[in-house]
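Here is what each chain is made of, one letter per residue.
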Amino acid sequence: MKIDILKKRDGELLVGEVKKTSKFEVAAKMQLAYYLYRLKEQGIELDGELLVPKEKKRERITLDDALTQELETAIAEIETIINGDKPPVAEKTKYCGKCAYGDFCWS
Ligand code: SF4
């Protein structure tokens, strides 16, 4: 877990996650939600802000019940993959071309 910034807005402490582009917004939102989730486990309840400075975008992220459920489902799916005997069969997606993990999937 590597939080980009902690910031105060109107006296409220927020966890900030900075991205170069909003292209992968769902993944960025889940990353920030994971930080909020882990902090909550430590007794620290904060909201977050997803920041895309180049696009002048700022989205508040609150770890509500629905987002917690979505995150726990994703974590369970990741754990199933980690604990499996074999990795799932890779499927080419539009993201593969620029993905840093390509060597793992296609070598
Ligand atoms: S190369 Fe990256 S985006 Fe493509 S399947 Fe592998 S991990 Fe997913």
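(A) Spatial organisation of unusual backbone geometry. We note that aspartate 10 has phi near 50°; this positive angle belongs to a residue other than glycine. The residue aspartate 10 is located in the loop between strand 1 (5-9) and strand 2 (12-18) in this model. We note that lysine 56 has phi near 50°; this positive angle belongs to a residue other than glycine. Mapped onto the fold, lysine 56 is located in the loop between strand 3 (47-52) and strand 4 (57-61). Look at lysine 56 and you get exposed, because 7 C-beta atoms sit within 10 Å.

(B) Local environment of the site of the ligand. Residues in contact with the ligand, as listed here, are Ala90, Thr93, Tyr95, Cys96, Cys99, Tyr101, Gly102 and Cys105. Class assignment for the residues of the shell around the ligand results in six nonpolar, two polar and no charged.

(C) Representation of the packing of helix 1 (residues 25-41) against helix 2 (residues 65-83) in the model. One can describe the packing of helix 1 onto helix 2 by two numbers: an axis separation of 10 Å at closest approach and a directional angle of 100°. One way to sum up the angle between helix 1 and helix 2 is to call them roughly perpendicular. From helix 1, Met30, Ala33, Tyr34 and Tyr37 reach across to helix 2, where they touch Leu67, Thr68, Leu71 and Ala74. The residue inventory of the contact of helix 1 with helix 2, partitioned by class, reads seven nonpolar, one polar and no charged.

(D) Spotlight on the pairing of strand 1. Among the five residues in strand 1, zero count as buried, and that is only a small part of the element. In this sheet, strand 2 lies alongside strand 1 in antiparallel orientation, the contact comprising five bridges. By the bridge assignment for strand 2, leucine 6 is matched with valine 15. Here strand 1 folds back onto strand 2 in antiparallel fashion, the turn holding two residues, of which aspartate 10 has a positive phi close to 50°.

(E) Representation of the nonpolar core within the structure. In terms of nonpolar packing, the biggest core is built from ten residues, these being Val15, Ala28, Leu32, Ala33, Tyr35, Leu36, Leu50, Leu51, Ile61 and Leu63. Among the elements that take part in this core, helix 1 stands out by supplying five residues, more than any other. With sequence-adjacent residues up to four places away left out, leucine 51 is seen in contact with Gly16, Glu17, Val18 and Arg58.

(F) Broad picture of the environment of alanine 66. As for its placement among the helices and strands, alanine 66 is situated in helix 2. Sequence separation between alanine 66 and lysine 86 is 20 residues, and the spatial gap between their C-alpha atoms is 31 Å.

(G) Local environment of the sheet that holds strand 4. A sheet is described by the order of its strands in space; here four strands give the open sequence 1-2-3-4, paired in mixed fashion. Looking at the sheet topology across the chains shown, the edges are occupied by strand 1 and strand 4. Sheet twist, expressed as the average angle between the axes of neighbouring strands with direction ignored, equals 35°. Bridge count between strand 2 and strand 3: five bridges; the pairing is parallel. Looking at the pairing, glutamate 17 lines up with leucine 50 of strand 3.

Definitions and limits used
Residues numbered from 1 in each chain as written. Predicted model: local features only at pLDDT ≥ 70, side-chain atom pairs only at ≥ 80, totals over all residues. Helix = DSSP H or I, 4+ residues; strand = E, 2+ residues; numbered from the N terminus. Buried ≥ 20, exposed ≤ 12 C-beta atoms within 10 Å, placed from the backbone. Near = placed C-beta within 6 Å. Nonpolar A, V, L, I, M, F, W, Y, C, P; charged D, E, K, R; others polar. Axes fitted to C-alpha atoms, helices over the stretch in contact; angles between N-to-C directions. Parallel < 35°, antiparallel > 145°, perpendicular 65-115°, else oblique. Contact = placed C-beta atoms within 7 Å. Pairing = 2+ DSSP bridges. Core = buried A, V, L, I, M, F, W, Y, C linked by C-beta atoms within 7 Å.

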